[in-house]
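Structure assessment
Listed below, chain by chain, are the residues.
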Amino acid sequence: MKQKPLKIVMAWGWTGGHVFPIKSLLEYLAQHKTFSSNINHIYRFGNKNALEYTVFQWLKNAHNWKKKWYELDFISIYSWKYRRETLLKSRIKNVRDLFLFAIGVVQSLFWLIYYKIDVIFCKGGYIALPVVAAARLLRKKIIVHESDTHSWLVNKIASKFAWTTFTWFDNVLPKAKTVGQIISEEVIIDQKEAKMFLKQYPELDVQKPWILVVWGSQGSQRLYQAIIKALESDKSLQNDIQFLVVLGLLNKDLRPQFERFPNVVCFDFVTQKEMGMLCYHSDIAITRAGTTSLAEQKLYDMKLFIVPIAWTHDQYDNANRYQKHYNDILIDQKDDTFLNKLIMEIKRHKNFKKILTSQDRLATISKAKEEIWEHIID
């Protein structure tokens, strides 16, 4: 007897490392040849004041989601964010959020029963915890994916009750299956698209090594200013290297300072397709240690100078893993010699040109999503 089409909840939230992999997975599933015969409806649980709702709105309005057999609904719920700081203010917020978590569990119980949900896919993020708790109480099927080199609290809890747990790295969670990161197909670039990109920016010098600087928005202004200081202090960096600087939405005011240098091209915000273009052409990335970004950059065989966010231990773990397995370079911004080391590494690699392998990138990134899909409908 054929199984009835399933109703699925995507539980995730708050940061891009949780949000964009879910977006990528949804895009892949919606185009799958067996999707319409296996899926009745997908619901996304999250917070309307966070990034997940913005991305949800984009998805709902995108042309490839307007199909009669497919609907996408966003359900806003409360949750609890555990703060590890010892400040009295943080402890008070933890107590308050315990009540919000309880409300979130009740909300999740109601919606899971009301919509007759079959499967919960948990990507992590604190907004997912009440959904997982409610799903456990109702004995629903839970599937987990963890991106980092070590698991955060939500996925540690969720994996104990999961039907299947997937990870990007080995030995992160007990009995987990390593499948890789969930990456968007939009970052896949062919040679024709790569040539079109070069025509758009004739000022780019293809003879020089290209360094992509992509640190994101929050907490990164000091790092972008370090690149400016490096360019000011050493004229050889202006002559020998082509810099592509992605400023992000919060650092656009630095554009005039960067544009003083003829070998720098700035971008305020880039789509995933544009990021794929930049990674395709760039030889080196100066980057944070978010797992999705690292995976996208390594997909194009880039040498990575990794500067972890100073107040997070997970990014240091990610950077150490890449340093060990790919011989990439970890640069600690907490170190007093941070700027000197950054300049030294840039100069040491001023003649570095990557060798772009001929791997089937689309097949590489589809593998994880296909395996997740098979376990969802199993």
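These figures come from a predicted structure and were not determined experimentally.

This part is about the pattern of salt bridges. Following the criterion strictly, the structure yields 14 salt bridges and no others. Between Glu232 and Arg260 there is a salt bridge, with the nearest N and O atoms lying 2.7 Å from each other. Residue Glu232 is found in helix H8 (residues 221-233), and its partner Arg260 is found in the loop between helix H10 (255-258) and strand E10 (264-267); the two are separated by 28 residues along the sequence. For Glu232, a relative accessible area of 39% corresponds to the partly exposed category. What makes Arg260 partly exposed here is its relative accessible area of 47%. A salt bridge links Lys350 to Asp240; its shortest N-O distance comes to 3.7 Å. Here the residue Lys350 occupies a position in the loop between helix H14 (338-348) and helix H15 (361-377), and Asp240 occupies one in helix H9 (residues 235-240), the gap between them amounting to 110 residues. In this structure, a network of salt bridges that share partners links the residues Lys23, Glu27 and Glu186.

Moving on, we get to the pairing of strand E1 (residues 6-11). Among the six residues of E1, five are classified as buried, and the element is accordingly described as predominantly covered. Alignment of E1 against strand E2 (residues 39-46), held across six bridges, turns out to be parallel. Counterpart to Val9 in the pairing with E2 is Tyr43. Both E1 and strand E4 (residues 119-122) contribute to a ladder of four bridges, which runs parallel. Across the sheet, the residue bridging to Ala11 is Cys122, located in E4.

For the structure shown, the criterion picks out 15 aromatic pairs. Pairing Tyr280 with Tyr300 gives two aromatic rings, centres 5.9 Å apart and planes at 65°, and the pair type is edge-to-face. With Tyr280 in helix H11 (residues 272-281) and Tyr300 in the loop between helix H12 (291-299) and strand E12 (303-306), this residue pair connects regions lying 20 residues apart in the sequence. Tyr300 sits in the buried class, given a relative accessible area of 1%. Clustering of aromatic rings is evident, with ring pairs tying together Tyr43, Phe110, Trp111, Tyr114 and Tyr115.

A few words now on the side chain of Thr287. Here Thr287 lies in strand E11 (residues 284-287). Since its relative accessible area comes to 1%, Thr287 is described here as buried. Polar contacts involving the side chain of Thr287 include one to the side chain of Gln297, which spans 3.3 Å. With residues up to four places along the chain from it excluded, the contact list for Thr287 reads Val214, Trp215, Ser293, Leu294, Gln297, Phe305, Ile306 and Val307.

A few words on the side chain of Glu296. Mapped onto the elements of the fold, Glu296 is located in helix H12. In this structure, Glu296 is buried with no salt-bridge partner, the nearest side chain bearing the opposite charge being Lys23 at 9.1 Å. Residues within four places of Glu296 in sequence aside, it is in contact with Ile183, Val187, Gln272, Met275 and Cys279.

A few words on the environment of Ile120. On the secondary structure map, Ile120 appears in strand E4. Ile120 sits in the buried class, given a relative accessible area of 0%. Separated by 112 residues in the primary sequence, Ile120 and Ile8 place their C-alpha atoms 5.9 Å from one another. Beyond its immediate stretch of four places on either side in the chain, Ile120 contacts Val9, Ala11, Leu112, Val131, Ala135, Lys140, Lys141, Ile142 and Ile143.

Conventions and cut-offs
Residues numbered from 1 in each chain as written. Predicted model: local features only at pLDDT ≥ 70, side-chain atom pairs only at ≥ 80, totals over all residues. Heavy atoms only, no water. Salt bridge = Lys/Arg side-chain N within 4 Å of Asp/Glu carboxyl O. Helix = DSSP H or I, 4+ residues; strand = E, 2+ residues; numbered from the N terminus. Buried < 20%, exposed > 50% of the residue type's maximum accessible area, 1.4 Å probe, protein only. Pairing = 2+ DSSP bridges. Phe/Tyr/Trp six-rings, centres within 6.5 Å; stacked < 30°, edge-to-face > 60°. Polar contact = N/O pair within 3.5 Å; in protein donor to acceptor, adjacent residues only side chain to side chain. Contact = heavy atoms within 4.5 Å. Lys, Arg positive; Asp, Glu negative; His and termini not counted.

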